[in-house]
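# Commentary on secondary and tertiary structure
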Amino acid sequence: MNRWARTALRVALDTLLPRHCALCGARLGPRAALPACRGCLAELPRNRAACPRCAAPVAEPGLACRRCLRRAPPWEAAWAPYRYAWPLDAALVRWKFHGDPACGALLEALFARAARRMARGERPEALVPVPLHRARLRGRGFDQAARLARAAGRALGVPVAPEALRRLRPTAAQSGLGAGARRRNVRGAFAAARPPPWRHVALVDDVLTTGSTAGEAARVLRRAGVARVDVWCLLRAAPPAARAQR
Ligand SMILES: [Zn+2]
Ligand SMILES: [Zn+2]
């Protein structure tokens, strides 16, 4: 389809089915590349200055945070383009727990766009979504980590390997648990498909909080022989200890 036909089709579609911003509901123009308005996109909580090991927000970009200096996480590097803050925290809840397709489309597109900008250096050989247990998948109908991984994988031309890890048992929801309880809650929750054929993979999840889930998944992959595991998350929440100190 040539450019003129594409524009005409977009204008026609926009008249018939006007698109709206997934965050504020404002009507979008036919040229909007993402399902959100310019005002909302300009104010997203970007995670600009972040610890290179765990992606927690820090005062100085490029320096490891105090938690990582005390005890390094069981993965190599972590990256999260946005902070777990308004309005993306609300958009994630609407997608995950209410199945809102506009919020899902926006979050997938934001993650894919950020991944394209970020992954200029050494790319992982595969993206491995942190698996959801079958019971939870049945309840929700979709797996948000797998959807984010597929969006980024398409943008980068990197394969997605949802079969690399299996969730062995359902775990209680991590929210509301302290760091120690979160680690106990996920211990032994995953198994790796043997033997994983990659040297370098990135685990993908929607939110990184204490890192206990991603850490357990990273340990399992490394034990199975993957030399380098990175963690890519859409949203970085401040770890509970850091929140209490503030
Ligand atoms: Zn908006
Ligand atoms: Zn850190």
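This text follows the structure it describes.
What comes next concerns the included structure. The structure displayed is predicted, hence computed values, not measured ones.

The next point concerns the nonpolar core. By size, the foremost hydrophobic cluster in this structure holds 35 residues, and its most contacted members are Leu-23, Leu-107, Leu-110, Phe-111, Leu-127 and Trp-232. For this core, the secondary structure elements donating two or more residues are α2 (38-42), α4 (88-98), α5 (101-118), α7 (144-156), β6 (200-208) and β7 (228-236). When residues in this core are grouped by element, the largest group, seven residues, is from α5. Each of two domains, domain 1 (1-43) and domain 2 (49-245), supplies a minimum of three residues to this core. Beyond its immediate sequence surroundings of up to four residues, Leu-110 is in contact with Leu-34, Leu-41, Leu-44, Tyr-82 and Leu-88. Grouped together as the second largest cluster of nonpolar side chains are 31 residues, Cys-54, Ala-192, Ala-217 and Leu-221 included.

Together, Arg-66, Arg-67, Arg-70, Arg-71, Arg-183, Arg-184 and Arg-187 line one region of the surface with positive charge. Among the secondary structure elements, those contributing two or more residues to the positive patch are α3 (66-70) and α8 (179-186). No other element matches α3, which puts three residues into the positive patch. When you line up the elements, Arg-67 lands in helix α3.

The rules we used
- Residues numbered from 1 in each chain as written.
- Chains lettered and ligands numbered in written order.
- Predicted model: local features only at pLDDT ≥ 70, side-chain atom pairs only at ≥ 80, totals over all residues.
- Heavy atoms only, no water.
- Core = buried A, V, L, I, M, F, W, Y, C linked by side-chain atoms within 4.5 Å.
- Buried < 20%, exposed > 50% of the residue type's maximum accessible area, 1.4 Å probe, protein only.
- Helix = DSSP H or I, 4+ residues; strand = E, 2+ residues; numbered from the N terminus.
- Domains from an automatic or database assignment.
- Contact = heavy atoms within 4.5 Å.
- Patch = residues over 30% accessible without salt bridge, like charges linked within 9 Å, V, L, I, M, F, W, Y side chains within 5 Å.
- Areas by Shrake-Rupley, 256 points an atom, 1.4 Å probe, with all protein chains shown as cover.
- Salt bridge = Lys/Arg side-chain N within 4 Å of Asp/Glu carboxyl O.
- Lys, Arg positive; Asp, Glu negative; His and termini not counted.
- Charge placed at Lys NZ, Arg CZ, Asp CG, Glu CD.

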